[in-house]
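# Descriptive analysis of the structure
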Amino acid sequence: MLNYLFRRLNLLLITALILSIIAFIISLWSDNALPDQDINLFMLYMDYMTNILQGQWGISLINQKSHMLNGLIAFSSTLELCLVALLTSMIIGIPLGIFAGIYRNGILDYTIMSIALIGLALPAFWLAIMLIMLPITFDLGLPIDGNISPIYDIPLITGFQLIDSLLASDLYNLAAFVDRLAHLILPSVVLSFFLTSEIIRLTRHSISLVMKSNYIKAANTKGLTVIQIVFRHVLKNALPPIIPQLRLQLNTIISIAMTVEIVFSAQGSGVWLLTSIKGGDYLALSAAVIIISGFILLSSIVIDILQIVISPTARKMLYADK
Amino acid sequence: MLINNEFNEQKIQSPWQYIWSIFLQNNFAVFAMWVGIALILISLFADILVLYSPFSQDPQRLLSPPYWMAGGTTDHLFGTDDLGRDTLARLIKGFQFTFGGALLISFAITFIGAVIGSTAALTRGVKASVLHHLLDALLTIPTLLIALILIVLFGPSYQNSLIAVSLSLLPQFIRGIYNTIGSQLNKQYVIALRLDGATNIRLLRSGIYPNILEPIVTLVNRIFTMAILEIATLGFLGFGTQSPDIELGKLIADSIDLSSLSPWLVILPGLVIFIIIMVVNIFTEGLRHAIIQGED
């Protein structure tokens with residue numbers, strides 16, 4: 001276990017080094033003055049890293065705030081969208097995936113997999129435009145742009161506007177929270193299409209692998225019903241392997257979330273990067289590399305460790321390695 | 001008709017023929033295969049196929065709807081855009097860029113990824129760990145960010161968007177190949193081959209690759225699907241193809257302001273993307289079933 005933790009830490013450090021070098025190259029480039037021959041690149045990099053570690057990421061040309069603050073606020077909005085979409089698509093996707101996996105190659109399976117395929121085949125940005133164009137959007141009165149109506153001035157506490165608006169309930173009596181939720185509906189529906197099909201696919205694959213194994217046959221011969229088998233044996237073994245698979249998709253998910261935010265002009269990291277680059281403020285890009293990639297890196301390592309803690313099969317693999 | 005009852009030789013099909021014969025029984029997949037071949041031909045000969053140049057403007061007919069709608073003409077089957085350019089021609093031209101780019105990327109990634117992935121899986125020590133860490137770093141940067149970085153460094157262009165998409169998909173493919181080969185390495189047949197003194201190349205060619213066909217088909221399918229989606233997304237955001245070149249995502253972006261006047265200009269390119277992905281996925285699904293059945 002300690003050995004494993006050490007190896008993960010090693011991985012974290014090396015990957016962080018590569019990422020910081022990428023961020024450094026962008027910041028060098030954005031200065032437009034490539035260093036003269038007598039300036040030591042290594043020393044420049046050390047300077048850059050000291051600045052980053054001290055939290056001095058430069059000032060934005062657009063709103064004269066720190067890049068770190070801008071980036072963190074924008075990214076927390078993206079993250080909020082991702083989490084809401086992940087929650088909804090897990091609620092929809094996991095049961096469907098379980099059904100498809102249990103009744104493999106049946107009509108139910110084909111129907112569910114067709115739905116998943118359609119969800120994958122619809123490009124997210126196009127789906128977003130379609131949802132905006134649909135008359136039902138007008139009928140329901142769902143807001144189609146921005147994070148929250150500008151009449152609500154929510155104090156910045158955590159950066160997650162859902163939580164912030166709840167905390168500010170003494171100002172607006174939950175109206176701000178409801179408004180934020182309404183603004184989240186359409187973007188998260190779009191993102192859920194991709195995520196749900198992904199979760200259905202992974203769950204089905206995992207479940208059907210487990211259903212082939214001998215202990216399920218043994219349980220069948222014992223005369224257990226399908227429901228008993230699923231709840232006693234299948235879920236415990238099939239669900240944990242989905243997590244690392246989903247982890248590999250993190251960058252795709254965030255990329256799609258950023259695109260969706262741009263279409264809905266929500267103030268997330270997509271819009272932040274777009275406006276910064278159009279305004280010639282390239283330091284924002286290196287800040288984005290540090291924040292977004294840093295988040296993905298940290299979360300994947302946390303997920304790896306959690307995986308070891310939660311699932312006995314993953315632990316067994318660990319001991320078998322030795 | 002010659003009936004040969006006498007020398008009824010029992011032909012033993014090669015595994016490929018067997019898989020192919022199973023595949024041919026699946027009507028959906030065969031249909032998807034023919035459509036896919038048609039799509040490839042269209043993308044190869046797009047310039048010959050179009051009736052109008054995608055850039056020639058027809059000032060008589062601005063924003064005309066498709067021919068099945070009221071006010072549409074059969075001169076322009078899918079209507080025209082705000083400058084009177086033929087939508088069908090623009091769709092085919094845009095399709096050529098998106099589909100062709102995705103095909104190119106998938107071939108390149110499959111080749112490079114298979115080489116790097118097998119090397120990483122079969123070697124231990126420094127080489128494998130360097131590969132791994134570099135890839136892990138790439139895996140943490142979202143596609144959009146890679147594209148933005150390339151644009152800031154080299155300027156927006158179709159080529160850069162293709163490079164950005166490949167850079168984000170290559171690590172996923174290598175990861176997949178690495179894991180599948182790794183799962184085969186402990187099996188008995190690999191050990192038997194190794195005891196025979198097989199070199200790594202022979203081990204891969206005659207041992208491992210025939211056994212991991214199904215995961216590879218799934219991976220390539222996934223890479224292709226994501227490539228289509230991501231090329232279109234980058235084009236839509238204006239980071240890919242630059243005017244006057246067109247691409248399906250860029251077509252949508254160009255006509256998004258007209259979406260209330262002529263929604264077809266936005267709907268059709270999305271439908272084309274949808275059809276491409278559906279066709280490819282149905283084809284590979286059939287292939288996968290055939291391979292799984294053939295292996296049993």
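Residues numbered from 1 in each chain as written. Chains lettered and ligands numbered in written order. Predicted model: local features only at pLDDT ≥ 70, side-chain atom pairs only at ≥ 80, totals over all residues.

### With respect to the overall build of chain A
Selection rule: Secondary structure elements are defined from DSSP: runs of H or I of at least 4 residues count as helices, runs of E of at least 2 residues count as strands, and each element is numbered from the N terminus. Three exposure classes are used, based on other C-beta atoms lying within 10 Å of a residue's own C-beta, which is placed from the backbone: buried for 20 or more, exposed for 12 or fewer, and partly exposed in between. The contact rule is simple: place each C-beta atom from the backbone, and if two of them lie within 7 Å, those residues are in contact.
A tally of helices and strands in chain A yields 16 helices and 0 strands. Dimensions of chain A along its principal axes, counting C-alpha atoms only, are 75 × 60 × 40 Å. Of all 322 residues assigned to chain A, the portion counted as buried reaches 38%. Here the analysis covers contacts within chain A between residues at least 6 apart in sequence; of these, 73% occur between residues at least 24 apart.

### Section: the overall build of chain B
If you tally the helices and strands in chain B, you get 12 helices and 0 strands. Referenced to the eigenvectors of the C-alpha coordinate spread, the extents of chain B come out at roughly 75 × 65 × 25 Å. Per-residue burial over chain B gives 42% buried out of 296 residues.

### Quick notes on the nonpolar core
Which entries qualify depends on this criterion: We define the nonpolar core as any set of buried residues of the types Ala, Val, Leu, Ile, Met, Phe, Trp, Tyr and Cys, connected via C-beta atoms lying within 7 Å of each other.
Core analysis: the largest hydrophobic core is formed by 148 residues, its most contacted members being A:A128, A:L191, A:V289, B:A227 and B:I228. Looking at this core element by element, the count peaks at 14 residues for helix α12 (residues 264-295) of chain B. Leaving out residues up to four positions away in the same chain, A:L191 has contacts with A:L81, A:A85, A:A124, A:I256, A:A257 and A:V260.

### What about the interface of chain B and chain A?
Heads up, the condition is: Classification convention: Asp, Glu, Lys, Arg as charged; Ala, Val, Leu, Ile, Met, Phe, Trp, Tyr, Cys, Pro as nonpolar; all other residues, Gly among them, as polar.
Between chain B and chain A, the residue contacts involve 36 residues of the former and 34 residues of the latter. Of all elements in the fold, only α5 (126-139), α6 (143-154), α7 (158-184), α10 (213-236) and α12 of chain B reach the threshold of two or more residues within the side of chain B that touches chain A. Considering only residue class, the side of chain B that touches chain A consists of 24 nonpolar, 10 polar and 2 charged.

### Structural notes on α6(B)
Keep this limit in mind: Expected span of a helix, by definition, is 1.5 Å for each gap between consecutive residues, and there is one gap fewer than residues.
With 12 residues, α6(B) extends 16 Å between its outermost C-alpha atoms, agreeing within 8% with the 16 Å of an ideal straight helix rising 1.5 Å per residue. In terms of burial, α6(B) is largely enclosed, as 9 of its 12 residues are buried. Among the structural elements, α1 (2-30), α13 (250-263), α14 (269-278) and α15 (283-310) of chain A together with α7 and α10 of chain B are those in contact with the buried residues of α6(B). After α6(B) finishes, the residue B:G155 shows a positive phi value of roughly 90 degrees.

### What about the environment of B:F99?
Residue and element names in this part refer to chain B. By the element assignment, F99 lies in helix α4 (residues 87-122). By C-beta crowding, F99 is classed as buried, having 26 other C-beta atoms within 10 Å. On a C-alpha basis, the gap between F99 and N211 in space is 29 Å, while along the polypeptide they are 112 residues apart. Aside from chain neighbours lying at most four places away, what touches F99 is L39, S43 and I276.

### So, unusual backbone geometry
Residues and elements named next belong to chain A. Residue Q64 is not a glycine yet carries a positive backbone phi of 55 degrees. Mapping Q64 onto the fold places it in the loop between α2 (41-53) and α3 (67-102). By C-beta crowding, Q64 is classed as exposed, having 7 other C-beta atoms within 10 Å. The phi dihedral of S265 falls on the positive side, at around 40 degrees, and the residue is not glycine. Here S265 shows up in the loop between α13 and α14.

### Describing the packing of α1(A) against α5(B)
Which entries qualify depends on this criterion: Axis geometry follows a simple rule: fit a line to the C-alpha atoms, using only the stretch in contact for helices, then measure angles between N-to-C directions, giving values from 0 to 180 degrees. Comment on the angle field: the value is read as roughly parallel under 35 degrees, roughly antiparallel over 145, roughly perpendicular from 65 to 115, and oblique elsewhere. By the definition used in this description, the sense in which the near helix is turned from the far one sets the handedness, with an anticlockwise turn below a right angle giving left-handed and a clockwise turn giving right-handed.
For the pair α1(A) and α5(B), interaxial distance at closest approach is 9 Å and the crossing angle is 60 degrees. With respect to each other, α1(A) and α5(B) are oriented oblique. In this structure, the crossing between α1(A) and α5(B) has a hand that is right-handed. Contacts from A:L11, A:I14, A:T15, A:I18 and A:L19 in α1(A) reach B:H133, B:L134, B:D136 and B:A137 in α5(B).

### Focus on the environment of A:L283
All names here are of chain A. Summarising the element assignment, L283 is placed in helix α15. A sequence separation of 83 residues divides L283 from I200, and the C-alpha atoms of the two residues are 39 Å apart. Sequence-distant contacts of L283, defined by excluding residues within four places in its chain, comprise S27, S30, G58 and H67.

### Description of the confidence of the model for chain B
Convention followed: Residue-level confidence of the predictor is summarised by pLDDT, bounded by 0 at the bottom and 100 at the top.
The share of residues in chain B with pLDDT of 70 or more is 97%, and the mean pLDDT across the chain is 85. In the predicted complex, the global pTM is 0.88; the interface-specific ipTM is 0.86.

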